Amino acid sequence: MKEYALFPGCSLEKMASSYYVSAVETARKLDVELKELEDWNCCGATTYFHVDELLAYTLSARNLAMAEKAGLDLVAPCSACYKNSYFTNVYLKEDPDLADHINFALQADDLQFSGSIKVRHLIEVYVDEVGLEEVKSQVSHPLDGLRVAPYYGCQMVRPRKEGQEIRDVEQPRYFERLLSAIGADPIDYEPLKVHCCGGSLILTSRRAALSLVRNLLQSAVDRGADVIATTCPLCQVNLECYQNQVNQEFGTELSVPVMYFTQLMGLAMGIKPEKLGIGKELVSAAPIVFSSVGAEAS
């Protein structure tokens, strides 16, 4: 069994609870144990690094130090948590002076950052470390004929990481390979699959954010997608929750299910929909469950 320290972040146990339960269920199928960090704290989200950079790095470093203490690599399903944790891990190893300042603060919790672990997004664990052949071996209800728009978002692939080619940033393919492994038909969703969903821009520039959401949704519909698959709680919320506002603002009639990639994996593995958090979505995924997987999976 592969073991990882799970960093759920502030959204997985509340707003993105469907992501949390489907991550746990699919991990169990793949003989992966996600051991939630005890007493974890916020990673600093997307804006705190612009408010107090040193404190923001300290927040992320504390989680990393706890994972180090447990001797486990850190897994973050949320793309923002992944980005912050990954680059904190990188920058502190590159800047000993910064690491010294942060380790001084971490002494209060009897913690020490050394940079001895790796940080992974959950989808990277499934694709690169578990492996697609193992994923395929667990598929009992392949999603034959289901056309899926793989939405990476902008934070999981950017900034460019060590050993990552520019094509992997602008034209990644691992999400598509995972979808193919569970029997789905990934549609051509370039270049919008790595464009921003608007993030928290909805709070400061509503029309601009809704325009970004409209472009993503419309592109998926135009290319025949039955569903959009996401890897990030904020992306999922923006693409699903604001569809009515997009329709009101731009006169469209968009209604596209937006699911987590772990939910689709779970369906393909024969896990009951209710165990995957399916049924809580605003745009019903029922047609996907019954037409693509069949009633026997429920």
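About the cut-offs
- Residues numbered from 1 in each chain as written.
- Predicted model: local features only at pLDDT ≥ 70, side-chain atom pairs only at ≥ 80, totals over all residues.
- Heavy atoms only, no water.
- Helix = DSSP H or I, 4+ residues; strand = E, 2+ residues; numbered from the N terminus.
- Buried < 20%, exposed > 50% of the residue type's maximum accessible area, 1.4 Å probe, protein only.
- Contact = heavy atoms within 4.5 Å.
- Salt bridge = Lys/Arg side-chain N within 4 Å of Asp/Glu carboxyl O.
- Axes fitted to C-alpha atoms, helices over the stretch in contact; angles between N-to-C directions.
- Parallel < 35°, antiparallel > 145°, perpendicular 65-115°, else oblique.
- Left-handed = near helix turned anticlockwise from the far one by under 90°.
- Nonpolar A, V, L, I, M, F, W, Y, C, P; charged D, E, K, R; others polar.
- Pairing = 2+ DSSP bridges.
- Polar contact = N/O pair within 3.5 Å; in protein donor to acceptor, adjacent residues only side chain to side chain.

> Now, about the environment of lysine 193: what can you tell me, with residues and values included?
With respect to the secondary-structure elements, lysine 193 resides in the loop between strand S6 (185-186) and helix H8 (206-222). A relative accessible area of 0% means that lysine 193 is categorised as buried. Along the primary structure lysine 193 and glutamate 133 are separated by 60 residues, whereas in three dimensions their C-alpha atoms are 25 Å apart. Non-local contacts of lysine 193, meaning those with residues more than four positions away in its chain, are made with Pro150, Tyr151, Tyr152, Gly153, Gln171, Pro172, Arg173 and Glu176.

> An account of the pattern of salt bridges is requested, with residue identities and associated values reported.
According to the stated counting rule, one finds 14 salt bridges in the structure shown. Between aspartate 39 and arginine 62 there is a salt bridge, with the nearest N and O atoms lying 2.6 Å from each other. Of the two residues, aspartate 39 is situated in the loop between strand S2 (32-36) and helix H2 (53-70) and arginine 62 in helix H2; the sequence distance between them amounts to 23 residues. Take arginine 62: its relative accessible area is 15%, and that puts it in the buried class.

> So, the packing of H2 against helix H4 (residues 96-106): which residues are in play, and what are the values?
In the contact formed by H2 and H4, the axes pass within 10 Å of each other and the chain directions differ by 70°. As summarised for this structure, H2 and H4 are arranged roughly perpendicular, according to the angle between their axes. Where H2 crosses over H4, the handedness of that crossing is right-handed. Residues Leu54, Tyr57, Thr58, Ala61, Arg62 and Ala65 of H2 form the contact with H4, whose own contacting residues are Leu98, His101, Ile102, Ala105 and Leu106. Within the contact of H2 with H4, the residues separate by chemical class into eight nonpolar, two polar and one charged.

> Any chance you could break down the sheet that holds strand S7 (residues 227-230) for me, citing the residues and the numbers?
Pairing in this open sheet of four strands is parallel, and the strands run S6-S5-S7-S8 from one edge to the other. For this open sheet the edge positions go to S6 and strand S8 (258-260), each flanked by a neighbour on one side alone. Direction of pairing for S7 relative to S8: parallel, over a ladder of three bridges. Paired with threonine 230 across the strands is tyrosine 260, a residue of S8. This element, helix H7 (residues 174-181), spans strand S5 (147-151), S6 and S7 of the sheet and lies at about 150° to S5.

> Any details on the side chain of glutamine 236? Residues and values, ideally.
The topology assignment puts glutamine 236 in helix H9 (residues 233-241). Overall, the relative accessible area of 8% leaves glutamine 236 in the buried class. Within polar-contact distance, the side chain of glutamine 236 engages the backbone oxygen of valine 258 at 3.0 Å. When neighbours within four sequence positions are excluded, glutamine 236 is seen to be in contact with Thr230, Cys241, Val258 and Tyr260.

As far as function goes, none of this settles anything; it's purely spatial.
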